[in-house]
Amino acid sequence: MNQKRFHLSSLDKKLGGVCGGLGEYFDIDPTLVRIFFVFFTLIGGSGILLYLIIWLVAPKDNVI
């Protein structure tokens, strides 16, 4: 079986590829993920911290 794994997207990225990777993993539009991060940033700043942690920890994809 082909197991789904999370990785940073190199194809659909604006800054670090976090939202594109989450969109691919959960099979949703990355724009919705970006809106969620903006929302969490505006209500307390946790969106920026969460984005940075994922960006530092998540592996990059192998697409060139």
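Scoring rules and cut-offs
Residues numbered from 1 in each chain as written. Predicted model: local features only at pLDDT ≥ 70, side-chain atom pairs only at ≥ 80, totals over all residues. Heavy atoms only, no water. Axes fitted to C-alpha atoms, helices over the stretch in contact; angles between N-to-C directions. Helix = DSSP H or I, 4+ residues; strand = E, 2+ residues; numbered from the N terminus. Parallel < 35°, antiparallel > 145°, perpendicular 65-115°, else oblique. Contact = heavy atoms within 4.5 Å. Nonpolar A, V, L, I, M, F, W, Y, C, P; charged D, E, K, R; others polar. Patch = residues over 30% accessible without salt bridge, like charges linked within 9 Å, V, L, I, M, F, W, Y side chains within 5 Å. Areas by Shrake-Rupley, 256 points an atom, 1.4 Å probe, with all protein chains shown as cover. Salt bridge = Lys/Arg side-chain N within 4 Å of Asp/Glu carboxyl O.

1. Some remarks on the packing of helix 2 (residues 30-42) against helix 3 (residues 46-57)
It is at 5 Å that the axes of helix 2 and helix 3 come closest, and there the two elements cross at 130°. Taken together, helix 2 and helix 3 sit at an angle that is classed as oblique. Along its contact with helix 2, which presents Phe37, Phe40 and Thr41, the element helix 3 presents Ser46, Gly47, Ile48, Leu50, Tyr51 and Ile54. A per-class count over the contact of helix 2 with helix 3 returns 6 nonpolar, 3 polar and no charged.

2. Quick notes on a nonpolar patch on the surface
On the surface, Tyr25, Phe26, Ile28, Leu32, Ile35, Phe36, Val38, Phe39, Phe40, Leu42 and Ile43 cluster together to form a nonpolar patch covering roughly 1,100 Å² of accessible area. Among the secondary structure elements, those contributing two or more residues to the nonpolar patch are helix 1 (18-26) and helix 2. At 7 residues, the largest contribution of residues to the nonpolar patch is made by helix 2. Within the secondary structure, Ile35 is located in helix 2.

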